[in-house]
Amino acid sequence: QDTMSINGFLMRRIFGSLSTERDRYERQSRLFADIAIRRSLIWRWFTLALGLFSFIGPAAIYWYGGLLAMGPERLSIGTIVAFVAYLGRIYAPTSALATVHVDVMSAVAVFDRIFAMLDAEPTVRDRPGAIELPPALRLEPASDLGGQVTRDRGGEVPSGHLVFENVSFGYRADRPLLEGISFEAWPGQLVALVGPSGAGKTTLTYLAARFYDPTAGRVLLDDHDLRDVTLASLQARIGMVTQEPYLFHASLMENLIIARPDATRQEVIAACQAAYMHDAISALPEGYDTVVGERGYRLSGGERQRLALARVILKSPPVLILDEATSSLDSRSETLIQRAIAPLRAGRATLAIAHRLSTILDADLILVLAGGRIEERGTHADLLARRGLYARLYEEQFRVAADLP
């Protein structure tokens with residue numbers, strides 16, 4: 001899968017290692033062939049031995065029975081023939097039993113792997129008595145955002161209200177990756193996550209989607225701890241566009257309705273139009289029935305990204321997570337995606353990881369992460385005025401010191 005796939009072949013060709021891969025394949029093929037030949041020879045010798053006994057046995061009985069028939073015992077010829085017949089009926093089940101051990105050991109090796117996967121306990125699963133999230137509510141966001149966690153706003157919690165309360169997390173217990181993360185994202189609000197690589201931005205979005213549970217603190221959605229709600233109801237409320245969207249080796253339509261299997265063709269087309277992807281699909285020979293190829297290699301990077309965005313539009317979740325959705329795109333594709341994202345953010349809490357700071361200048365709240373902590377928070381203008389880490393990152397990207405106040 002890794003070596004013979006489209007991506008694997010292109011990578012080998014780019015680095016000129018096709019001959020190396022051919023030699024490695026030849027060595028492994030020879031090793032496999034040697035093992036197969038040895039196994040076949042051993043099996044042939046084994047079956048030859050069993051077949052030899054099937055001839056030696058009757059010959060020995062006829063020889064010894066003949067001696068008894070001519071001796072004083074006067075054994076009848078019918079008894080000898082019957083004995084040989086019974087012996088022949090024993091050979092078949094005996095040969096089958098002789099091969100049972102090989103078949104059983106081969107099956108045990110396979111079942112060990114199968115049951116090891118079936119018996120594996122997921123690290124994130126529904127708690128006993130987990131509740132379903134209530135139907136989505138559509139309320140206006142509060143005006144006082146400020147970036148601080150506030151539980152009581154004097155009314156119902158809006159649908160898509162995401163809260164991190166003093167959250168800490170580490171993939172290893174002795175090595176925390178995030179510590180003391182607290183913020184909230186209201187419907188209609190864009191919260192941008194910026195910072196150097198390895199600061200924990202992607203991990204933070206994984207906690208919001210409950211791919212992992214925090215080691216300390218809580219993540220809440222509409223005033224419900226994510227650990228107390230069912231995964232199915234949570235996944236229905238989360239939409240994510242990753243930096244490298246994954247497409248199955250199937251048609252465009254099949255890749256799109258993954259978001260909503262019950263969606264009609266008209267709804268799929270409307271989502272693609274909103275993502276500025278419908279014209280590109282219509283230009284294909286088979287339209288929405290075009291097979292995209294392995295990992296969508298028949299589409300450009302911008303088209304794959306817009307297709308992923310169309311999936312999220314089709315799903316229409318209250319919480320939207322954008323993991324650097326435009327980092328590797330050309331200016332036109334980036335413009336189209338930004339144009340499609342703008343209306344999608346309306347009424348939804350949006351978390352956006354951004355390395356291009358130009359894409360989050362209008363963010364309602366910018367969180368600057370460093371070393372697993374929130375070093376700074378505020379709007380673009382506020383953070384520039386502080387002349388801290390965000391201002392340095394901005395200056396490094398644009399290389400215009402005069403932009404700093």
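Structure: above.
A few points on the structure.

Each value, and the rule that gives it
Residues numbered from 1 in each chain as written. Predicted model: local features only at pLDDT ≥ 70, side-chain atom pairs only at ≥ 80, totals over all residues. Heavy atoms only, no water. Phe/Tyr/Trp six-rings, centres within 6.5 Å; stacked < 30°, edge-to-face > 60°. Helix = DSSP H or I, 4+ residues; strand = E, 2+ residues; numbered from the N terminus. Buried < 20%, exposed > 50% of the residue type's maximum accessible area, 1.4 Å probe, protein only. Pairing = 2+ DSSP bridges. Contact = heavy atoms within 4.5 Å. Axes fitted to C-alpha atoms, helices over the stretch in contact; angles between N-to-C directions. Polar contact = N/O pair within 3.5 Å; in protein donor to acceptor, adjacent residues only side chain to side chain. Salt bridge = Lys/Arg side-chain N within 4 Å of Asp/Glu carboxyl O. Arc of directions from axis to C-beta. Core = buried A, V, L, I, M, F, W, Y, C linked by side-chain atoms within 4.5 Å. Patch = residues over 30% accessible without salt bridge, like charges linked within 9 Å, V, L, I, M, F, W, Y side chains within 5 Å. Areas by Shrake-Rupley, 256 points an atom, 1.4 Å probe, with all protein chains shown as cover. Parallel < 35°, antiparallel > 145°, perpendicular 65-115°, else oblique. Left-handed = near helix turned anticlockwise from the far one by under 90°. Nonpolar A, V, L, I, M, F, W, Y, C, P; charged D, E, K, R; others polar.

Another aspect to go through is the packing of aromatic side chains. This model, assessed by the stated rule, comprises 9 aromatic pairs. When the ring of Phe169 is compared with that of Tyr212, the centres are 5.4 Å apart and the planes differ by 45 degrees; the resulting orientation is tilted. Note that Phe169 is positioned in strand β1 (residues 162-169) and Tyr212 in the loop between α4 (201-208) and β4 (216-221), a separation of 43 residues in sequence. For Tyr212, a relative accessible area of 29% translates into the label partly exposed. Within the aromatic cluster, the residues linked to one another by ring pairs are Phe169, Tyr171, Tyr206, Phe211 and Tyr212.

Let's shift gears to the sheet that holds β4. Read from one edge of the open sheet, 4 strands run β2-β1-β4-β5, paired in antiparallel fashion. Two strands in the sheet have a free side with no partner beyond their single neighbour: β2 (178-185) and β5 (224-225). Pairing analysis gives 2 bridges linking β4 to β5, with the strands arranged antiparallel. Of the residues in β5, the one forming a bridge with Leu221 is His224. Each of β1, β2 and β4 is contacted by α4, which is oriented at about 120 degrees to β1, the strand it contacts most.

Attention now moves to helix α12 (residues 389-398). Along α12, the residues that are buried comprise Leu389, Tyr390, Ala391, Leu393 and Tyr394. If you follow the buried residues of α12, they end up packed against β3 (190-194), β9 (365-370), β10 (373-378) and α11 (380-386).

Another point: the sheet that holds β3. Taken together, 6 strands build an open sheet; the order of strands is β6-β7-β8-β3-β9-β10 and the sheet is mixed. The open sheet has two edge strands with one neighbour each: β6 (238-241) and β10. Averaged over all neighbouring strand pairs, the angle between strand axes comes to 20 degrees, with direction disregarded. Here 4 bridges tie β3 to β9, and the two strands are oriented parallel to one another. Counterpart to Val194 in the pairing with β9 is Val368. Together, β6 and β7 (319-323) form the strand contacts of helix α9 (residues 301-315), whose direction differs from that of β6 by roughly 170 degrees.

Along the polypeptide, Ser168 turns up in strand β1. Using a relative accessible area of 16% as the deciding quantity, one classes Ser168 as buried. A polar contact of 3.2 Å, which involves the side chain of Ser168, links it to the backbone nitrogen of Gly180. If near-sequence neighbours (up to four positions away) are discounted, Ser168 is found in contact with Leu178, Glu179, Gly180, Pro214, Thr215 and Ala216.

Let's shift gears to the pairing of β7. Among the 5 residues of β7, 5 are classified as buried, and the element is accordingly described as predominantly covered. With burial as the criterion, each face of β7 is covered, one bearing Val319, Ile321 and Asp323 and the other bearing Leu320 and Leu322. By the bridge criterion, 4 bridges tie β6 to β7 in an arrangement that is parallel. Opposite Ile238, over in β7, you have Val319 as the bridge partner.

Turning our eyes to something else, we now look at the pattern of salt bridges. For the coordinates displayed, the defined rule picks out 10 salt bridges. Note that Arg127 is salt-bridged to Asp228, the shortest N-O span being 2.7 Å. One end of the pair, Arg127, is in the loop between α3 (77-118) and β1; the other, Asp228, is in the loop between β5 and α5 (231-235), and 101 residues separate them in sequence. Here Asp213 ties to Arg210 by a salt bridge, and the two come within 2.7 Å at their closest N and O atoms. For Asp213, a relative accessible area of 22% puts it in the partly exposed group. In this structure Arg210 comes out as buried when scored by relative accessible area, which is 4%. A cluster of three or more residues bridged by salt bridges with shared partners is formed by Arg260, Asp262 and Glu267.

Further remarks concern helix α7 (residues 265-274). Turning to α7, its buried residues number three or more, namely Val268, Ala271 and Cys272. Relative to the axis of α7, the buried residues are bounded by an arc of 100 degrees and lie together on one face. Buried positions along α7 lie against α6 (252-256), α8 (278-282) and α9. Tyr276 sits one or two residues past α7 and shows a positive phi near 55 degrees.

Within the largest apolar cluster, 46 residues are counted, with the highest numbers of intra-cluster contacts made by Leu309, Ile360, Ile366 and Tyr390. If you tally residues by element for this core, the top one is α9, at 7 residues. Every residue in contact with Ile360, bar those within four places of it in the chain, is listed here: Ala192, Val194, Ala354, Ile366 and Tyr390. Core analysis: the second largest hydrophobic core is formed by 31 residues, Ala185, Val191, Val229 and Ile321 among them.

Among the surface-exposed residues, Leu97, Val100, Val104, Met105 and Val108 lie close enough to one another that they form a single nonpolar patch of about 430 Å² accessible area. Look at Leu97 and you get exposed, because its relative accessible area is 64%.

Along the chain, Ala275 turns up in the loop between α7 and α8. Once the C-alpha coordinates of Ala275 and Ala340 are considered, the two residues, 65 residues apart in sequence, prove to be 5.1 Å apart.

On to unusual backbone geometry, then. A positive phi angle, close to 55 degrees, is found at Arg210, a residue other than glycine. Following the sequence through the fold, Arg210 ends up in the loop between α4 and β4.

The N-to-C vectors of α7 and α9 enclose an angle of 125 degrees; their axes lie 8 Å apart at closest approach. One way to sum up the angle between α7 and α9 is to call them oblique. In terms of crossing hand, the pair formed by α7 and α9 is right-handed. For the pair α7 and α9, the contacting residues are Glu267, Val268, Ala271, Cys272 and Ala274 in the first and Ala310, Ile313 and Leu314 in the second. Each residue belonging to the contact of α7 with α9 can be placed in one class, and the counts come to 7 nonpolar, no polar and 1 charged.

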